[in-house]
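Residues per chain are reported as follows:
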Amino acid sequence: MQKKISVLDVMIDAVTMSEAVSILEQYMSEPKAHLIATANAEMVMMAQQDKELAEVLRAADLIVPDGAGVVWAARYNGLHMPERVAGYDLVQQFLAAGAKKDYRFFLLGGAPGVAEKAKAAAEFRYPGVQIVGTQNGFFTKDNEKELLDRVNASGANVLLAALGIPRQEKWLYKNMRELNISLAIGVGGTFDVMAGTVKRAPLWMQQANLEWLFRLVRQPQRALRMLALPHFVIKVMAQKTLDKSKLGIL
Ligand code: UDP
């Protein structure tokens, strides 16, 4: 069992990318549905207020450190978080691994047409990959039963859900028992990047922990949401000071 690190009470798995892929492969051989979340600062901050999201995250089988912020927070507290495991990269690695196995992916989410474009991109990049169904993320409660039936009829054993945080995590948690899948992963904006509708930051910016800045410049409408980031940093620092004073160190 890998080590879990608490970042503002969200338990994040201290795993490398290759360990995360191996864990997902292990889950594929088990007969129950597993829930995977990809945590960034925004998700952790949301979980401070949103009790339902916090509960779903407590029930998740694996939470990877998707954002540079959560990696920083763990290290700031002197804990060993080996590396960032970005959800987008994890999905790419898992699609590549799945192309050689009997993994059948269903892509749920994104604006109309995006999941289909992401499917085409995956089929081009990972020859042999089985994408057995797609559905945009703007369905209503009335279509939900039909959607669950469609996922089951497709034979999918992996459901990738890009419905935005926290809808994707809550939706998967609520519905995964109805589905004959082994894995359910909340993947945020992954289909947009695969489809080419959103560009990912260049590698040097990712490596310099500046992906947030790239997103802010390219999608200024995210500015309000991204205020979660400085709030997160302040809260992590305050928590450490509080913990130290409780221990009598300050
Ligand atoms: N989305 C959706 N249904 C909704 C809300 C959002 O399918 O009701 C999609 C949206 O089109 C986008 C993804 O969810 O493709 C979330 O993207 P975002 O950039 O917010 O990702 P995050 O920051 O959560 O990783």
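Here's what I pulled together on the structure shown here. (Residues numbered from 1 in each chain as written. Predicted model: local features only at pLDDT ≥ 70, side-chain atom pairs only at ≥ 80, totals over all residues. Heavy atoms only, no water.)

## Details of unusual backbone geometry
Stage number 1. In the segment running from I165 into P166, the intervening peptide bond is cis, with an omega of 5°.
Stage number 2. Along the chain, P166 turns up in the loop between β7 (158–162) and α8 (167–175).
Stage number 3. In this model, D9 sits at a positive phi of 75°, which is unusual for a non-glycine residue.
Stage number 4. Within the secondary structure layout, D9 lies in the loop between β1 (4–7) and β2 (10–13).
Stage number 5. In this structure, N209 takes a positive phi of about 60° despite not being glycine.
Stage number 6. Its place among the elements puts N209 in the loop between α10 (203–207) and α11 (211–218).
Stage number 7. Given the relative accessible area of 44%, N209 is considered partly exposed. (Helix = DSSP H or I, 4+ residues; strand = E, 2+ residues; numbered from the N terminus. Buried < 20%, exposed > 50% of the residue type's maximum accessible area, 1.4 Å probe, protein only.)

## Comments concerning the site of the ligand
Stage number 1. Contacts to the ligand come from 16 residues, most closely from G110, G137, R167, D192 and R222.
Stage number 2. The contact in question runs from an oxygen atom of the ligand to an N or O atom on the backbone of G110, over 2.8 Å.
Stage number 3. The contact in question runs from an oxygen atom of the ligand to an N or O atom on the side chain of R167, over 2.6 Å.
Stage number 4. For the ligand, whose accessible area on its own is 550 Å², the fraction buried by protein is 80%. (Near = heavy atom within 4 Å. Polar contact = N/O pair within 3.5 Å; in protein donor to acceptor, adjacent residues only side chain to side chain. Areas by Shrake-Rupley, 256 points an atom, 1.4 Å probe, with all protein chains shown as cover.)

## Quick look at the sheet that holds strand β5 (residues 104–109)
Stage number 1. In space, the 6 strands of this open sheet follow the order β4-β3-β8-β7-β5-β6, with parallel pairing throughout. Among the strands making up the open sheet, the edge pair consists of β4 (62–65) and β6 (130–135). Neighbour-to-neighbour, the strand axes of this sheet turn through a mean angle of 20°, independent of strand direction.
Stage number 2. As defined by bridge partners, strand β3 (residues 34–39) adjoins β4 across 4 bridges and the pair is classed as parallel. Residue pairing across strands places A37 opposite I63, the latter belonging to β4. (Pairing = 2+ DSSP bridges. Axes fitted to C-alpha atoms, helices over the stretch in contact; angles between N-to-C directions.)

## Looking at the side chain of E211
Stage number 1. Mapped onto the secondary structure, E211 falls in helix α11.
Stage number 2. Beyond its immediate chain neighbours, meaning those up to four positions away, E211 contacts R84, R200, A201, M205 and Q206. (Contact = heavy atoms within 4.5 Å.)

## Structural notes on the environment of A39
Stage number 1. By the secondary structure assignment, A39 is in strand β3.
Stage number 2. Classification of A39 by relative accessible area gives buried; the value is 0%.
Stage number 3. Put simply, A39 and K4 are 35 residues apart on the chain and 13 Å apart in space, counted from C-alpha to C-alpha.
Stage number 4. Discounting chain neighbours no more than four positions away, the residues touching A39 are I12, I63, V64, P65, D66, G67 and V70.

## A look at the nonpolar core
Stage number 1. Counting 44 residues, the largest nonpolar core has I12, L108, W171 and F232 as its most contacted members.
Stage number 2. Ranked by residues supplied to this core, first place goes to helix α2 (residues 41–49) with 5 residues.
Stage number 3. Beyond its immediate chain neighbours, meaning those up to four positions away, F232 contacts V7, L8, A41, V44, M45, G69, V70, W72 and A73.
Stage number 4. Membership of the second largest hydrophobic core comes to 38 residues, among which are I36, L107, I185 and V193. (Core = buried A, V, L, I, M, F, W, Y, C linked by side-chain atoms within 4.5 Å.)

The values are spatial; any link to function lies outside them.
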